[in-house]
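# Understanding the architecture of this molecule
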Amino acid sequence: MSAVDTADIASAARTRKRYAPGLVLSAAVLVLILTAAIAPGLFTRQDPLAADPIHRLEPPSRAHLFGTDELGRDLYCRVLHGAALSLSTAGIALAIGLLCGTLLGLIAGTARGRVDDLLMRATDVLLAIPSLLVSLAVVTALGFGATKTAVAVGVTGIASFARITRAEVLRVSVAPYVEAAHVVGVRRPTVLMRHVLPNAWAPVLGFAAVSFGASLLAVSTLGFLGYGTPPPTPEWGSLVASGRSYFAEAWWLSTLPGLTIVATVLAANRIARALHGEDGRLPR
Amino acid sequence: MTLLDQPLLEVQGLSVCYRTPRGARRAVRGVDLHVAAGETVAVVGESGSGKSTLAHALIGLLPNGGYRETGSIRFDGADLTALSERELRALRGAGIGFIPQDPSASLNPVRRVGHQVAEVLRIHGRIDRRTAAARAVELLDQAGVSDPSLRAGQYPHELSGGLRQRVLIAIALAAAPRLIIADEPTSALDVTVQRRILDHLEKLTHETGAALLLITHDLGVAADRAQRVVVMSGGAVVESGTSRQVLLEPVHSYSRHLVASAPSLTTRPLVTCPSAAERSDGESGDDLLVADNLVHEYPAPGRRSGVGLRAVDAVSFRISRGETFALVGESGSGKTSIARIVGRLLDPTRGRVLFDGKDITAARGGELRALRRRIQFVQQNPYTSLDPRQSVEQIVTEPLRAFRLGDRQDRAARVRTLLDQVALPAALLRRRPSELSGGQRQRVAIARALVLSPDLVVCDEPVSALDASVQAQILELLVTLQDELGVSYLFISHDLAVVRQIAHRTGVLRAGRLLEAGATQEILTSPANAYTKELIDAIPGSRALSD
């Protein structure tokens, strides 16, 4: 073997081992935001609801990292305290989509025939309507609030999860090892839970990871439109919305919460891609 | 005579590596090889022996990540390693023809086959567009394609596997190359088709005086067709010599092992056939399984009613306790449908299956579950028949758990006994299927089938996905287990050579009909049916052994 080849291969192997800087940054951002969501007190001692009319609409400074809003509340503190609500709403929305979607997909993929047709046509209908429209319709019917926003966003995810799960269940259930399980006398439900679901889940979970960013974005959108938690409770979407009226004099009010949302969504997507396997491999 | 002194192809010290994330992996190690003009040389090896990599390296078409490390390749006096990609392209097809392995994946599905043959002629500037079409038809005719002018206008999916392989041969021979490299040209085809294709290839190379480098896993094929055989193992040549030498007096231990395990070359059966007298006494009393007039029809596509394809046509046979009954047939003969009917995975359109005197044709629910304990199945492909997420222990215990047999300790003990019986070390219990070799996986599948102590095991091509030496081990294992446990086998196979070793009785299937059935020895020595005779003649290696 020539020396050049050896060096080539060795260096190629090393680059692959090292983590991409973007991934490290994304992980850092996400850890930071998650910590803020769990314990916002670690980063700020101020009260997100305490108004201070003397210091209203102050630009970002050392005392107020993100500046203050029209009532003199510290924006940095409000963003940190809003993290918990925004992230958990997005998480619940995702969980609703994942659980209902997986269940429907599993039923459609196993039952086949009429049930399958019915469920899949229903998902077709759901997919045909823009998801924001569906969310708006649901949230208007249900009323305002964090949980209701989560349901509204979650419903839009059901169709895609059901589709993917059904396709995977169809693929796995014709696998010879599933047939083998039937032949050795394992009952149908057991085969489904022990063989079909575990082998069908990897792509579904991969898609769930990718969906988290989209879910957060959808929740923030509803918050922005005023369907989320009513003020004064801080929530990212409504923070962006409330800053709108003062945009000409206080650019930071909308921009900084908006950038926080963007950073979180990008970080989540980057990590999801890493989990999903950068080279198309699925996580095992 | 000087031309003959210098070989047409001369390979010296060739090593080929693949780049992998864990560094370079050497697939071919210092191979020396030479092929004289007009000679046929076979390269024999099992999967992973580097034979295909060698073939691709010769024409400079290594897959991504592969590169030549050392060694020289001289073709017709020119050094191929020094040629540019452009010069190599001119040589491929015109100087060296290549017949690829998989006929179904090697033709462009959206172009007519005549066009694909003509393409070679036009690329090498032999001919203009109009005459190319006519010449393509001639070439197809030469390659043994019937109705060549009709076929030339068809698309690959409209042709059978054998015809596609003939088209590939026509393409390889189109520009009259002096060397043809055939990489497993017939391993995806039925034996009788394989024989016809190889016969034809032999005739063509003889007529045109081209040399043939035949890459194959089948020692029987190599011995039949080649003047010289090169045996490869682990990327290196372990033995080379005339085919008679290698076959009759193999020197290297690996080639000796390969010769001993090639099913087509050993006539020694692993089981002794009961004599006709022995069989006639306990006629019906000892029958474990009786298949009576089985018919299976697949519905016609696109139509609700009406008769579609009749896959199984009035097939009847019986299997006694402790006996192996083999069904032999080529693809489309209905053998797998019968296996699935007996294993109750498929309902017959008509006919009955009696198991231990009871009609099980319509067994459902509890009755079917009870039956599952007594009839088990070993599938064809051990790479897909084991759940990739379960450990060996979970896989083998699963039937016991399904029937709630024994407690945790009993099950663990039973699994250990079984692993021992199928000759797998207990250390494998925690492994997952992906960490096992093909042979080990098939042993696990056999252990799973036997853990409930069934009376009948349906084996659907249990060894066709395995290398010859592993095949031999699995066959021996099946026979040993039968002696120990008294289990009966319904053995489905396309390979008469395998059946010859393992089956007490054999039935020959063709197009859904059972042509004949009887003691294996009798069928092989005095076949009553012309098709059976053809099948026997098609067993590779028979020619090499007879002279």
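This one's a predicted model, so the numbers in the text were calculated from it and none came from an experiment.

## Regarding the sheet that holds strand β1 (residues 9-20) of chain B
Residue and element names in this part refer to chain B. One open sheet accounts for four strands, arranged β2-β1-β4-β5; its pairing is antiparallel. The open sheet terminates on both sides in strands that have one partner only, identified here as β2 (23-35) and β5 (78-79). Note: β1 against strand β4 (residues 66-75), eight bridges, orientation antiparallel. Its bridge partner lying in β4, Val11 is registered against Ile73. Across the sheet, helix α2 (residues 51-58) lies against β1, β2 and β4, angled at about 70 degrees from β2, the strand it touches most.

## Some remarks on the interface of chain B and chain A
Each partner contributes residues to the interface: chain B has 26 residues there, and chain A has 19 residues. Counting residues per element, the ones that place at least two in the side of chain B that touches chain A are β2, α14 (365-372), β16 (375-378) and α15 (392-402) of chain B. Of all the elements, α15 of chain B adds the most residues to the side of chain B that touches chain A, at three residues. For the side of chain B that touches chain A, the class distribution of residues is nine nonpolar, seven polar and 10 charged.

## Some remarks on the nonpolar core
The biggest cluster of nonpolar side chains holds 218 residues, and the ones touching the most others in it are Val117, Ala170, Leu179 and Leu490 of chain B. The element contributing the most residues to this core is helix α3 (residues 75-111) of chain A, with 16 residues.

## Quick word on the pairing of strand β19 (residues 505-510) of chain B
Here is the key point about a regular strand: its side chains alternate between the two faces of the sheet. All names here are of chain B. With respect to burial, β19 is a largely interior element, six of its six residues being buried. Alternating residues of β19 divide into Arg505, Gly507 and Leu509 and Thr506, Val508 and Arg510, and every residue in both groups is buried. Relative to β19, strand β13 (residues 324-328) runs parallel, the two sharing four bridges. Opposite Ala326, over in β19, you have Thr506 as the bridge partner. Pairing analysis gives six bridges linking β19 to strand β20 (residues 513-519), with the strands arranged antiparallel. Its bridge partner lying in β20, Arg510 is registered against Arg513. Hairpin connection between β19 and β20: a loop of two residues separates the two successive antiparallel strands, and Ala511 in this loop has a positive phi of roughly 50 degrees.

## Comments concerning the domain arrangement of chain B
If you check the domain split of chain B, you get domain 1 (1-95 + 178-262), domain 2 (106-174) and domain 3 (276-546). When each unit is reduced to the centre of its C-alpha atoms, the spacing between domain 2 of chain B and domain 3 of chain B is 40 Å.

## A few points about helix α2 (residues 21-38) of chain A
Residues and elements named next belong to chain A. For α2, which comprises 18 residues, the first-to-last C-alpha distance of 26 Å matches the rise-based estimate of 26 Å (1.5 Å per residue) to within 8%. All of the buried residues along α2 are Ser26, Ile33 and Ala36. Each buried residue of α2 sits inside an arc of 95 degrees when the element is viewed along its axis, so together they form one side. Along α2, exposed side chains directed more than 90 degrees from the buried face belong to Pro21, Val24, Ala28, Val31 and Ile38.

## Focus: the sheet that holds strand β15 (residues 358-359) of chain B
All names here are of chain B. The sheet built from four strands is open, its strands ordered β12-β11-β14-β15 with antiparallel pairing. Where the open sheet ends on each side, the last strands, each with one partner, are β12 (309-320) and β15. In this structure, strand β14 (residues 350-355) lies alongside β15, joined through two bridges in antiparallel fashion. The residue of β15 that forms the bridge with Leu354 is Asp359. Strands β11 (287-298), β12 and β14 of the sheet are contacted by helix α13 (residues 335-342), whose axis makes an angle of about 125 degrees with β11.

What counts and what doesn't
- Residues numbered from 1 in each chain as written.
- Chains lettered and ligands numbered in written order.
- Predicted model: local features only at pLDDT ≥ 70, side-chain atom pairs only at ≥ 80, totals over all residues.
- Pairing = 2+ DSSP bridges.
- Helix = DSSP H or I, 4+ residues; strand = E, 2+ residues; numbered from the N terminus.
- Contact = placed C-beta atoms within 7 Å.
- Axes fitted to C-alpha atoms, helices over the stretch in contact; angles between N-to-C directions.
- Nonpolar A, V, L, I, M, F, W, Y, C, P; charged D, E, K, R; others polar.
- Core = buried A, V, L, I, M, F, W, Y, C linked by C-beta atoms within 7 Å.
- Buried ≥ 20, exposed ≤ 12 C-beta atoms within 10 Å, placed from the backbone.
- Domains from an automatic or database assignment.
- Expected span 1.5 Å × (residues − 1).
- Arc of directions from axis to C-beta.

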